[in-house]
Amino acid sequence: MAVIELKDINVTFKQKDQSIVAVQKESITVEKGDIYGIVGYSGAGKSTLVRTINLLQKPTSGSVKVNGTEMTTLSDGELRERRKKIGMIFQHFNLMDELTVFGNVAQPLKHSKLSKDEKKAKVNHLLELVGLDDRSQNYPSQLSGGQKQRVAIARALANDPEILISDEATSALDPKTTNQILEILTRLNKELGLTIVLITHEMQAIKEAANKVAVMENGTIIERGSLLEIFTNPQQKLTKDFINTATNRDEALTKVQELLVEKPLATDERLVQINYVGNDTAQPLLSTIYADYQVTTNILYSNMEILTQTPVGLAIAIFKGQPENTNAAIASLIDHGVNVTELDVKQEEA
Ligand SMILES: Nc1ncnc2c1ncn2[C@@H]1O[C@H](COP(=O)(O)OP(=O)(O)OP(=O)(O)O)[C@@H](O)[C@H]1O
């Protein structure tokens with residue numbers, strides 16, 4: 001079931017002497033239970049597009065449906081009610097410094113019909129959900145960045161939202177804390193059936209949490225698909241760049257290239273990148289190419305990820321053998337569904 005349907009969204013910001021097109025005729029559908037990642041560099045239009053979901057940003061034109069209701073034509077009162085069901089978290093947490101952790105989480109419940117005791121129980125339950133029940137009387141200044149973001153998550157859940165929008169929520173955090181936050185979001189997605197839209201400039205974060213991905217550039221989505229599709233068969237250069245960073249392939253290739261300056265390839269050696277998906281890992285196949293073609297494999301780097309329950313592997317290796325044998329070995333690997341790309345020793349390939 002589609003929970004969010006953005007259709008033909010345009011957002012243009014008019015300034016004195018120019019207009020900035022932030023989102024250009026873009027559509028996106030988010031199904032219930034998705035963790036939908038939107039990745040792109042700063043200025044791509046991610047926040048602007050996503051802020052149209054709760055009309056924090058009014059689209060210049062286009063339709064915004066949440067659970068089938070057109071949001072752009074609601075009265076102010078109706079919109080206020082609907083917005084309560086769409087929680088948001090941000091890069092800089094946006095907590096109120098003068099309120100305790102408890103006070104911050106209780107803030108959205110100020111006008112709710114719950115009794116004082118019910119509110120208290122609810123806030124304590126939310127703090128338990130994010131593992132901060134022992135810090136309820138602290139002030140934000142007494143917390144780490146990761147803890148502040150956990151308070152922000154608890155606050156975003158106060159009105160039992162169906163949708164959580166995470167706008168660069170992990171961008172100010174170190175990698176370990178980022179993973180803790182992403183684990184919390186993944187758990188809330190599973191346990192509460194929370195639909196999450198995750199905006200980030202880091203494909204790594206998408207890889208950890210999302211099941212669907214859209215890549216955005218210059219106000220448009222240039223590529224979209226399931227996490228597995230995007231990681232195993234990216235089409236656009238920008239998508240490939242993001243993935244190469246997220247799988248540490250870029251870093252590994254730079255090291256390999258440095259190594260090859262010291263010890264260049266022999267004439268019967270070739271540098272290759274091997275990609276495979278699924279359970280029949282490339283490993284046994286690489287041993288068969290020695291038996292069948294007398295081509296030896298020297299693996300310089302390898303990385304395996306489990307993406308939505310599917311193993312996805314990447315290796316950088318040197319094949320050594322007679323040229324015609326190496327060609328036949330590569331053809332055989334490709335026949336078996338293993339993707340083999342010859343790498344330029346000096347320069348990065350697109
Ligand atoms: N209120 C505004 N007035 C004018 N221009 C704006 C406004 N908000 C965003 N823009 C412009 O719209 C474009 C898209 O910005 P947006 O914030 O959506 O990008 P983003 O991909 O979310 O990047 P970031 O993560 O840096 O916020 C940018 O060129 C930005 O300068």
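Scroll up a little and you will see the structure.
Reading the values: rules and limits
Residues numbered from 1 in each chain as written. Predicted model: local features only at pLDDT ≥ 70, side-chain atom pairs only at ≥ 80, totals over all residues. Heavy atoms only, no water. Phe/Tyr/Trp six-rings, centres within 6.5 Å; stacked < 30°, edge-to-face > 60°. Helix = DSSP H or I, 4+ residues; strand = E, 2+ residues; numbered from the N terminus. Buried < 20%, exposed > 50% of the residue type's maximum accessible area, 1.4 Å probe, protein only. Pairing = 2+ DSSP bridges. Core = buried A, V, L, I, M, F, W, Y, C linked by side-chain atoms within 4.5 Å. Contact = heavy atoms within 4.5 Å. Near = heavy atom within 4 Å. Polar contact = N/O pair within 3.5 Å; in protein donor to acceptor, adjacent residues only side chain to side chain. Areas by Shrake-Rupley, 256 points an atom, 1.4 Å probe, with all protein chains shown as cover. Nonpolar A, V, L, I, M, F, W, Y, C, P; charged D, E, K, R; others polar.

### Examining the packing of aromatic side chains
Two numbers describe a pair of aromatic rings. These are the distance of the centres and the angle of the planes. The tally for this structure, following the rule as stated, stands at one aromatic pair. Summarising the aromatic geometry, the rings of Tyr41 and Phe242 are spaced 4.8 Å apart at their centres and angled 35 degrees between planes, so their arrangement reads as tilted. Placement of Tyr41 in the loop between β3 (35-39) and α1 (46-51) and of Phe242 in helix α9 (residues 237-246) is noted, with a sequence separation of 201 residues between them. When its relative accessible area of 48% is taken as the criterion, Tyr41 is described as partly exposed.

### Details of the pairing of strand β10 (residues 220-226)
Here strand β9 (residues 212-217) runs beside β10; their pairing, made up of six bridges, is antiparallel. Paired with Val213 across the two strands is Gly225, which belongs to β10. The hairpin turn running from β9 into β10, its antiparallel successor, is two residues long, and Asn218 in that turn takes a positive phi close to 50 degrees.

### Here's the deal with the nonpolar core
Ile89, Ile153, Leu185, Met203 and Val213 are the most contacted members of the largest nonpolar core, which totals 49 residues. Setting aside residues up to four positions removed in sequence, Met203 forms contacts with Val39, Val213, Ile230, Phe231, Thr239, Phe242, Ile243 and Ala246. In this structure, Tyr36, Val50, Ile53 and Leu74 belong to the second largest nonpolar core, which totals 29 residues.

### Focus: the site of the ligand
Lining the immediate environment of the ligand, one finds 13 residues, of which Ser42, Gly43, Lys46, Ser47 and Thr48 sit closest. Ser47 places a polar main-chain atom, nitrogen or oxygen, 2.8 Å from an oxygen atom of the ligand. Burial of the ligand by the protein chains amounts to 62% of its free accessible area of 630 Å². Secondary-structure elements contributing two or more residues to the shell around the ligand are β2 (19-31) and α1. Top element by residues in the shell around the ligand is α1. It accounts for three residues. Considering only residue class, the shell around the ligand consists of five nonpolar, six polar and two charged.

### Notes on unusual backbone geometry
Non-glycine residue Asp160 carries a positive phi angle of around 50 degrees. Relative to the elements of secondary structure, Asp160 occurs in the loop between α5 (145-156) and β7 (163-167). Taking relative accessible area as the criterion, Asp160 reaches 46% and is therefore assigned partly exposed. Its identity is not glycine, yet Asn218 carries a phi of approximately 50 degrees, on the positive side. Within the element layout of this structure, Asn218 appears in the loop between β9 and β10. The class for Asn218 is exposed, based on a relative accessible area of 63%.

### Structural notes on the sheet that holds strand β5 (residues 69-70)
In spatial order, the strands read β2-β1-β4-β5; together these four strands make up an open sheet with antiparallel pairing. Either end of the sheet is taken by a strand with one partner, and the two such strands are β2 and β5. Here strand β1 (residues 2-14) runs beside strand β4 (residues 61-66); their pairing, made up of five bridges, is antiparallel. For Ile4, the partnering residue across the bridge sits in β4 and is Val66.

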